[in-house]
Amino acid sequence: VGITANDANPQWFMDDMGQALFEPPNVSGWRPNDYWLTTSRLWARANWTRYLIWRNNVQNSLSDITSMSVHDAVQRGFDFFGIDNPSAHTRAKLEAWLTKQRADNTAWTNWTFINLLNLLMLSPEFNLA
């Protein structure tokens, strides 16, 4: 996401995500997926993605998303995060969510933008890359 490890501060968030940096449980590393793909771990990743978006001031580099069509805005997000082959399911869910948000007169425009980026960073394609 264009931010250094020093600025990303992963050490502040990794324990909650289930991986203490440089301290695997044994020489084989961390267990496969089941502990990583839980609701509490997802919440921890959401906290870190919001921090990264805030820390990187991503809004300045992706502000054009707000004026794009729903399809193009979601595609711009995929491109920004290097998600080359998103599933049809992920694309459809993100496009449906963004369409609903844009139709909601009570939605905060800035939060819609930030939430789209957050959802992209929490997508299976981003997390399992």
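Thresholds, definitions, all that
Residues numbered from 1 in each chain as written. Predicted model: local features only at pLDDT ≥ 70, side-chain atom pairs only at ≥ 80, totals over all residues. Heavy atoms only, no water. Helix = DSSP H or I, 4+ residues; strand = E, 2+ residues; numbered from the N terminus. Contact = heavy atoms within 4.5 Å. Areas by Shrake-Rupley, 256 points an atom, 1.4 Å probe, with all protein chains shown as cover. pLDDT = per-residue confidence, 0-100. Phe/Tyr/Trp six-rings, centres within 6.5 Å; stacked < 30°, edge-to-face > 60°. Buried < 20%, exposed > 50% of the residue type's maximum accessible area, 1.4 Å probe, protein only. Polar contact = N/O pair within 3.5 Å; in protein donor to acceptor, adjacent residues only side chain to side chain. Axes fitted to C-alpha atoms, helices over the stretch in contact; angles between N-to-C directions. Parallel < 35°, antiparallel > 145°, perpendicular 65-115°, else oblique. Left-handed = near helix turned anticlockwise from the far one by under 90°. Nonpolar A, V, L, I, M, F, W, Y, C, P; charged D, E, K, R; others polar.

1. Some thoughts on the overall build of the protein
Alright, step 1. Check the secondary structure of the protein and you find eight helices and zero strands.
Alright, step 2. Overall, the protein shows an N-to-C arrangement of helices and strands of α-α-α-α-α-α-α-α.
Alright, step 3. Considering only residue pairs separated by 6 or more positions, the protein has 65% of its internal contacts joining residues 24 or more positions apart.
Alright, step 4. By element, 55% of the accessible surface of the protein is carried by carbon and sulfur atoms, the whole surface being about 8200 Å².

2. Structural notes on the confidence of the model for the protein
Alright, step 1. Of all residues in the protein, 85% have pLDDT values of 70 or greater, and the mean over the chain is 81.
Alright, step 2. Within the protein, the element-level pLDDT minimum falls on helix α4 (residues 58–62), averaging 63, and the maximum on helix α6 (residues 88–103), averaging 94.

3. So, the packing of aromatic side chains
Alright, step 1. Inspection of the entire model under this criterion finds five aromatic pairs.
Alright, step 2. Between the aromatic rings of F13 and Y51, the centroid separation amounts to 5.2 Å while the plane-to-plane angle is 40°, which identifies the pairing as tilted. A residue pair is termed long-range when its members are at least 10 positions apart, and F13 in the loop between α1 (5–8) and α2 (14–17) and Y51 in helix α3 (residues 39–56) qualify at 38 residues. With respect to burial, F13 and Y51 carry one shared label: buried.
Alright, step 3. Judged by centre distance (5.0 Å) and plane angle (80°), the ring pair of F80 and F81 falls under edge-to-face.
Alright, step 4. The class for F80 is partly exposed, based on a relative accessible area of 28%.
Alright, step 5. Every member of this aromatic cluster is reached through a ring pair, and the members are W12, F13, W48 and Y51.

4. Points about the side chain of N115
Alright, step 1. Note on placement: N115 falls in helix α7 (residues 109–121).
Alright, step 2. One polar contact links N115 to R50, side chain to side chain, over a distance of 2.5 Å.
Alright, step 3. Non-local contacts of N115, meaning those with residues more than four positions away in its chain, are made with R50 and W97.

5. Considering the packing of helix α5 (residues 70–80) against α6
Alright, step 1. Two elements in contact, α5 and α6, have axes separated by 9 Å at closest approach and are oriented at 125°. Between α5 and α6, the crossing angle belongs to the class labelled oblique. Here α5 runs over α6; the crossing is right-handed. Residues V70, H71, A73, V74, Q75 and F78 of α5 form the contact with α6, whose own contacting residues are T90, R91, L94, E95, L98, T99 and R102.
Alright, step 2. Of the residues belonging to the contact of α5 with α6, the class tally is six nonpolar, four polar and three charged.

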